[in-house]
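Summary of the model geometry
Each chain is listed here by its residues.
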Amino acid sequence: MSLLARPLRAVVGIVLVFSGCVTAAPATAGELSCGHGRPLRYVVTFDRGTAESTARARIAGACGATTVYYPQIAVAVATSGDAGFGARIGLDRTFSAQGERLAAQHATDPVKPQPARATLPATDPAAVPTADLSERQWDMQAINAGWAHKVSEGRRDVVVGVLDSGIDPAHPDLTTALDRDDSAGCLTGAPDQDKSAWAPTTSVHGTHVAGIIAAADDGHGVTGVAPGVRVASVKVIDDRGYADPEAAVCGLMWAASRHMQLTNSSFFVNPWSLSCIRGDDRGVVHEVLARAVEYSTSAGTLNVAAATNEAVDLTPSARSGTPGAGTGCEALPAGLRDVVAVSAVGADRVKAGYSSYGLGVIDITAPGGEAGECVLSTVPGGYAPLCGTSMAAPHVAGVLALLASSHPGAGPRQLRRYLDGQATPMACPADYDLTGDGTQDAYCAGYEGFNGFYGHGMVDAMAAVAPRTGRPDPAR
């Protein structure tokens, strides 16, 4: 699974033209004898500077059809029903997440297909509970969000792209914040602005993340970190919970093309069950994600990502054009240098046991909750608590949205500097024996100002909108 949240039983009324890319119709493969098996989707890398016409011709010549080509990063998404497509293009240039999963299924005896997920019922705004739930938002209290709102709730010209499973357009806490014009579905690897492509179908995850960022401050339900900004639904997680590399690339490129200042990625890209990327992809997954992140950063979009929920010590990922680490655990996109990677803490301000960590990977920490005290936010039809680094990351995206609102024109580098500066430093725990068995459950490397558990420290919404000297006193 690629979602980075841990569900808990609902406590309140839960019912459960793109610019910068070139699309093309399927091309014929000339006289080449092509197979016609089950069509699979591939990401394909080309040398930088490769023209769209050249990429398209190579894909057609290998018995494939081009779905979309991103010339800025020389990455294509293609489909092919020919088993030899990857070998013809080059196994070091192609990867199919669908193909990897199919191969894994065929190797299993007997094959056990995944059960279909239930489709979410349409939200009836009138049926959504209207009680004020802000007192149950311990997470917002932990980052001083309520006090920050007395200074600023953010500006509507700041848009956060929520790369996730879709945002419920009918939820009353999100209808004002949702930017429909900048929303798109990316499951095919090419952006589709039709509402059916970006709305949620089986998962509450994206709606929950969006509420943490920008739920309305209206005295009803919950309130987000930056209720004055907008969120765009960029659907990259499919109905089985997978975020395939082509969908993630599409989401990042779409956000950049729409000039979004920020994105939030509460997922990991991997066709396997674990977040650590493996050698099976021949480096293609790392390369396409690295190119997309680096391009979007250069275009002015800062990307925030969850650190994953597997309690592993993460390894920093190399830049594009450089092979992956080869050892250790690389989590994409969180491990990439240009991404703000977020770990999770519980209400006790200690790293949550599930949260992955790693010196040189984790940039900052935020509330993600622990069992029994998760993060309450919006879901289709109402509100529910979820735990995970999925919940921690949007707290950081929300604070960055407040910073972007306070510093119009600031680019990714400046916003990262402001983010680091507002964080409250947190030292490594003297004892991290969560189970009480006398053994440390993880080892924190670094010092108080920067370490593998908490990065630069706990995010602080109030410090983002007001100087630490002369700002309102939270005790009042």
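This one's a predicted model, so the numbers in the text were calculated from it and none came from an experiment.

Thresholds, definitions, all that
- Every chain's residues receive numbers from 1 upward, in the order its sequence appears when written.
- At least 70 in pLDDT is required for a residue's local features to be given in this predicted model, at least 80 for side-chain atom pairs to be given and counted, and no such filter applies to totals for whole chains, interfaces and linings, which use all residues.
- Computation of side-chain values: all heavy atoms of the structure, hydrogens and water removed.
- Runs of E in the DSSP output that reach at least two residues are strands. Runs of H or I that reach at least four are helices, and both are numbered from the N terminus.
- Residue burial is assigned from relative accessible area. The probe radius is 1.4 Å, only protein chains are included, and a residue is buried under 20% of its type maximum, exposed over 50%, and partly exposed in between.
- Each accessible area is a Shrake-Rupley estimate made with a 1.4 Å probe; only the visible protein chains count as cover when residues are assessed.
- Between 30 and 60 degrees the pair is tilted, below 30 it is stacked and above 60 it is edge-to-face, where a pair is any two Phe, Tyr or Trp rings, Trp via its six-membered ring, whose centres lie within 6.5 Å.
- One requirement defines pairing of two strands: DSSP has to find at least two bridges between them.
- In the cavity and pocket records, a cavity denotes points on a 1 Å grid over the protein atoms alone where a 1.4 Å probe fits but cannot get out, a pocket denotes an open set with protein on both sides within 12 Å along at least 5 of 7 lines, and lining residues are residues with an atom within 4 Å of a point.
- Grid points are joined across faces, edges and corners, and a volume is the space filled by probe spheres set on the points.
- Note that Gly is not counted as nonpolar here; it falls among the polar residues with everything else outside the nonpolar set of Ala, Val, Leu, Ile, Met, Phe, Trp, Tyr, Cys and Pro and the charged set of Asp, Glu, Lys and Arg.
- Salt bridges, as used here, are contacts in which a Lys or Arg side-chain nitrogen is within 4 Å of a carboxyl oxygen on Asp or Glu.
- The definition used for a disulfide is geometric: two cysteine sulfur atoms within 2.5 Å.
- Scored from 0 to 100, pLDDT records how confident the predictor is in each individual residue.
- Contact definition: two residues touch when any of their heavy atoms are within 4.5 Å.

Regarding the overall build of the protein chain
A tally of helices and strands in the protein chain yields 12 helices and 17 strands. Residues counted as buried form 58% of the 476 residues belonging to the protein chain. Of the roughly 18200 Å² of accessible surface on the protein chain, a fraction of 52% belongs to carbon and sulfur atoms.

Side note on the packing of aromatic side chains
What the rule picks out here adds up to 5 aromatic pairs. Ring plane angle 55 degrees and centroid distance 4.8 Å describe the contact between tyrosine 42 and phenylalanine 85, whose orientation is recorded as tilted. Taken together, the residues span a long stretch of sequence, with tyrosine 42 in strand 3 (residues 40–45) and phenylalanine 85 in helix 2 (residues 85–89) at a distance of 43 residues. Every member of this aromatic cluster is reached through a ring pair, and the members are Tyr357, Tyr432, Phe453 and Tyr454.

A word on the sheet that holds strand 7 (residues 159–164)
Within the open sheet, the 7 strands sit side by side as 8-9-7-10-11-12-13. Their pairing is parallel. Each edge of the open sheet is held by one strand with a lone partner, namely strand 8 (184–185) and strand 13 (362–367). Looking at chain direction, strand 7 and strand 10 (residues 262–265) are connected through 4 bridges and run parallel. Note that in strand 10 the partner of valine 162 across the bridge is asparagine 264.

Brief notes about unusual backbone geometry
The linkage connecting leucine 332 with the following residue, proline 333, adopts the cis geometry, with an omega of 10 degrees. For proline 333, the location among the structural elements is in the loop between strand 11 (302–306) and strand 12 (339–345). In this structure, threonine 308 takes a positive phi of about 85 degrees despite not being glycine. Mapping threonine 308 onto the fold places it in the loop between strand 11 and strand 12. Relative accessible area serves as the criterion here: at 1%, threonine 308 is assigned to the buried category. Even without glycine at this site, alanine 311 takes up a positive phi of about 55 degrees. Mapped onto the elements of the fold, alanine 311 is located in the loop between strand 11 and strand 12. Since its relative accessible area comes to 32%, alanine 311 is described here as partly exposed.

Description of empty space enclosed by the protein
Regions of empty space are outlined by a rolling probe, equal in size to a water molecule, passed over the atoms. By volume, the largest cavity is sized at about 50 Å³. Along its surface, the largest cavity is lined by Ala290, Val293, Glu294, Ser317, Ala318, Arg319, Leu336, Arg337 and Asp338. Classifying every residue of the lining of the largest cavity by side-chain character gives 4 nonpolar, 1 polar and 4 charged.

Structural notes on the pattern of salt bridges
Inspection of the entire model under this criterion finds 11 salt bridges. Aspartate 182 serves as the salt-bridge partner of arginine 258, at 2.7 Å between the closest nitrogen and oxygen. With arginine 258 in the loop between helix 8 (245–257) and strand 10 and aspartate 182 in the loop between strand 7 and strand 8, this residue pair connects regions lying 76 residues apart in the sequence. Judged by relative accessible area, aspartate 182 falls into the buried class, the value being 11%.

Description of the state of the cysteines
Tallied over the entire structure, the rule returns 4 disulfides. Each disulfide pairs two cysteine sulfurs, and for cysteine 34 the partner residue is cysteine 63, the sulfurs being separated by 2.0 Å. Looking along the S-S bond of the cysteine 34-cysteine 63 disulfide, the torsion reads about -80 degrees, which is the left-handed sense. Residue cysteine 34 is located in the loop between strand 2 (22–23) and strand 3, and its partner cysteine 63 is located in the loop between helix 1 (52–61) and strand 4 (65–70); the two are separated by 29 residues in the primary sequence.

Thoughts on the confidence of the model for the protein chain
Of the residues in the protein chain, 87% reach a pLDDT of 70 or more, and the chain-wide mean stands at 90. Across residues 8–30, confidence stays below pLDDT 50; counting only partners more than four residues off in sequence or on other chains, it has 65 contacts.

A closer look at the side chain of arginine 291
Among the secondary structure elements, arginine 291 is positioned in helix 9 (residues 284–298). Overall, the relative accessible area of 9% leaves arginine 291 in the buried class. Once residues within four sequence positions are removed from consideration, arginine 291 is found in contact with Thr45, Phe46, Arg48, Ile73, Ala74, Val75 and Ser320.

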